[in-house]
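# Examining the three-dimensional arrangement
So the chains spell out like this:
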Amino acid sequence: MENGELFKHIRQDKGLTLRQLTDEQNSLSFISKFENGERDITMRRFEHLLDKINVTIEEFYFLKHQSTEGQTAVTFSQFPAYLSSPFYSYLDRILHINAQIDSINDPADFTDRYMTAKKQLEKVASELKATSQWQRFLRLYIQLLQQIYDINMANIGFLDNLDNQLSATQFDIFFKRQMADFRQISLPIVSYLYKVENWSIYEVTLFRFFLFTFSMDTIIQLLPIALKRTTKMKDFTVMNDMRCELIFSAVSTFANFNQLKAADDVLSLAYDTLNDSKDLLNSNQLVFYNGWIDILKGHKKTGTKKCQSAITIFAALNQPKLAKSYQNMLKQILLKSQNKSFSTYFS
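Residues numbered from 1 in each chain as written. Predicted model: local features only at pLDDT ≥ 70, side-chain atom pairs only at ≥ 80, totals over all residues. Heavy atoms only, no water.

## Side note on the overall build of the protein
Which entries qualify depends on this criterion: Strands here mean DSSP runs of E at least two residues long; helices mean DSSP runs of H or I at least four residues long; both are numbered from the N terminus. Exposure classes here rest on a 1.4 Å probe applied to the protein chains alone. A residue is buried below 20% of its type maximum, exposed above 50%, and partly exposed in between. Residue contacts are counted whenever heavy atoms from the two residues lie within 4.5 Å of one another. The method behind every accessible area is Shrake-Rupley, applied with a 1.4 Å probe, and residues are considered shielded solely by the protein chains displayed.
The secondary structure content of the protein amounts to 17 helices and zero strands. Put simply, the protein has 347 residues, and 46% of those count as buried. At a minimum sequence separation of 6, the contacts of the protein that also span at least 24 residues come to 60%. Carbon and sulfur atoms provide 51% of the accessible area of the protein, an area that totals close to 18,200 Å².

Rendered as structure tokens:
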């Protein structure tokens, strides 16, 4: 649906006539021609018209994409956020496919789910062209996800031509080799992020989802840069949520590699970011991640209590999916703390 057609629908729904919107900026004839697709309009005049019908430009474009076939409200973050470009729509598809793998509890189900997800990801990759940057980047992300599946399958003994579970030493060698490959694959992302002076949600999203492939030094250097270069947009709700997710992703990465000092430093950034913010969900996440790091430091009882408290709060806030997700995560964290040869990677 074109802008003029949608504007006409909204105006009529509000019971407003063309004459009521007419003023020195927009004549009755001009508005009529705009609604019928016969005239283009400048952004300034369009915003003025939207003010006349008491609709913000954000609301208008939300409604536009809701009414356009093939466009959806994207919720690629665990905290719903509306973003309407093809990049986010494709990312949303990829993450929904990946969620099939993340939801597996029984290792016996992993192979079938993996093969299904792999075929679905290959289909998405076939739709992405190498002619645009964002499509190339998403193809890289699909490649990384597929390799992550191989790592997890190798650890539980289901990788092709492996009959037995890998030993801790074998898996460590395999994992390090894979991480070296990851860093090579993600070099174009790192190079791009360093070049951009003022980040939009696009750059934060790239950092958030490729972060697990970066070296520890790169993350330590790039995270403060990311927070600084998004300062202008920090009060934009979607950006605030993405900044928080970026911080928690960094904590996860440092925890996965047992870099506890770096994890503590990032948690301090999270405390500063969320201080008196009235952001209950992200603040509760912070409680969970703090507990996770306590468990890694050997304070299992205290850390588990913090994690369980966060899970209980998610449930009390009527967020059952988050409660279940973090409950499963806690199980894996505790399993890994008991058996160092068991490796699960949280991104």
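Picking up where we left off.
## Observations regarding the pattern of salt bridges
Stated precisely, the cut-off is as follows: Think of a salt bridge as a Lys or Arg side-chain nitrogen and an Asp or Glu carboxyl oxygen that are within 4 Å of each other.
Counted according to the given criterion, the structure contains eight salt bridges. For Glu-35, the salt bridge is made with Arg-11, and the minimal N-O distance between the two is 2.7 Å. One end of the pair, Glu-35, is in helix H3 (residues 28-35); the other, Arg-11, is in helix H1 (residues 3-13), with 24 residues separating them in the sequence. Its relative accessible area of 5% is what places Glu-35 among the buried residues. The partner of Glu-127 in a salt bridge is Lys-123, with the nearest N and O atoms 2.9 Å apart. You can see Glu-127 and its partner Lys-123 sitting in helix H7 (residues 110-127), four residues apart, about one turn around the helix. A single salt-bridge network, built from bridges that share partners, covers Arg-93, Lys-123 and Glu-127.

## With respect to the side chain of Gln-178
Structurally, the position occupied by Gln-178 is in helix H9 (residues 168-185). The exposure class assigned to Gln-178 is buried, which follows from its relative accessible area of 12%. Beyond its immediate sequence surroundings of up to four residues, Gln-178 is in contact with Gln-147 and Ile-151.

## Some points on the packing of helix H10 (residues 187-195) against helix H11 (residues 201-210)
For any two helices packed against each other, one specifies the crossing angle of their axes together with the interaxial distance. Definition in use: Throughout, an axis means a line fitted to C-alpha atoms (over the contacting stretch in the case of helices), and angles, computed between N-to-C directions, take values from 0 to 180 degrees. Crossing handedness is defined as follows: a turn of the near helix away from the far one that is anticlockwise and smaller than a right angle gives a left-handed crossing, while the clockwise case is right-handed. Gly is placed with the polar residues, together with every amino acid not listed as nonpolar (Ala, Val, Leu, Ile, Met, Phe, Trp, Tyr, Cys and Pro) or charged (Asp, Glu, Lys and Arg).
Between H10 and H11, the shortest axis-to-axis distance is 11 Å and the interhelical angle comes to 145 degrees. The way H10 lies across H11 gives a crossing that is left-handed. Residue-level inspection shows Ile-189, Tyr-192 and Leu-193 of H10 in contact with H11, the latter providing Tyr-202, Glu-203, Leu-206, Phe-207 and Phe-210. In terms of residue class, the contact of H10 with H11 is made up of seven nonpolar, no polar and one charged.

## Thoughts on empty space enclosed by the protein
Selection criterion: Two kinds of site are reported from a 1 Å grid over the protein atoms alone, namely cavities, where a 1.4 Å probe fits but cannot get out, and pockets, open sets with protein on both sides within 12 Å along at least five of seven lines, and residues are called lining when an atom falls within 4 Å of a point. Grid points are joined across faces, edges and corners, and a volume is the space filled by probe spheres set on the points.
All chains considered together, the criterion is met by one cavity of 30 Å³ or more. One number sums up the size of the largest cavity: a volume of about 40 Å³. As for the largest cavity, its lining consists of Phe-87, Leu-91, Leu-138, Tyr-141, Thr-205, Leu-206, Phe-209 and Phe-210. Of all the secondary-structure elements, those providing two or more residues to the lining of the largest cavity are helix H6 (86-102), helix H8 (133-156) and H11. A per-element tally of the lining of the largest cavity places H11 first, with four residues.

## Regarding helix H13 (residues 237-256)
Short version of the rule: Given the number of residues in a helix, its expected span is that number minus one, multiplied by 1.5 Å.
For H13, with 20 residues, the first-to-last C-alpha span of 29 Å sits near the 28 Å given by 1.5 Å per residue. In terms of burial, H13 is a largely internal element, 18 of the 20 residues being buried. The positive-phi residue at the C-terminal boundary of H13 is Asn-258, with phi of around 60 degrees.

## Section: unusual backbone geometry
At Asp-276, a position not held by glycine, the phi torsion is positive, near 55 degrees. Along the chain, the position of Asp-276 falls in the loop between helix H14 (260-274) and helix H15 (280-296). Owing to a relative accessible area of 72%, Asp-276 belongs among the exposed residues under this scheme. Not every positive phi belongs to a glycine, and Asn-318 is a case in point at roughly 60 degrees. Here Asn-318 is to be found in the loop between helix H16 (300-316) and helix H17 (320-338).

## What about the packing of aromatic side chains?
Put simply, the rule reads: Pairing of aromatic side chains here covers Phe, Tyr and the six-membered ring of Trp, requires ring centres within 6.5 Å, and sorts the geometry by plane angle: under 30 degrees stacked, over 60 edge-to-face, intermediate tilted. Placement of a charge over a ring requires the Lys NZ or Arg CZ to be within 6 Å of the ring centre, with the centre-to-atom vector within 35 degrees of the ring normal.
Scanning all chains against the criterion turns up 20 aromatic pairs. Seen from their ring centres, Phe-87 and Trp-134 are 6.2 Å apart, and the 85 degrees between their planes marks the pair as edge-to-face. Taken together, the positions of Phe-87 in helix H6 and Trp-134 in helix H8 put the pair 47 residues apart, joining distant regions of the chain. Phe-87 gets classed as buried once you look at its relative accessible area, which sits at 4%. Consider the rings of Phe-288 and Tyr-289, whose centres lie 6.1 Å apart with planes at 75 degrees: the pair is edge-to-face. Relative accessible area serves as the criterion here: at 7%, Tyr-289 is assigned to the buried category. An aromatic cluster of at least three residues, connected via ring pairs, comprises Phe-87, Tyr-88, Tyr-90, Trp-134, Phe-137, Tyr-192 and Tyr-202. For Arg-45, the ring lying beneath its charged end belongs to Phe-30, and the centroid distance is 3.8 Å. Directly above the ring of Phe-209 sits Arg-208, whose terminal nitrogen or CZ lies 4.5 Å from the centroid.

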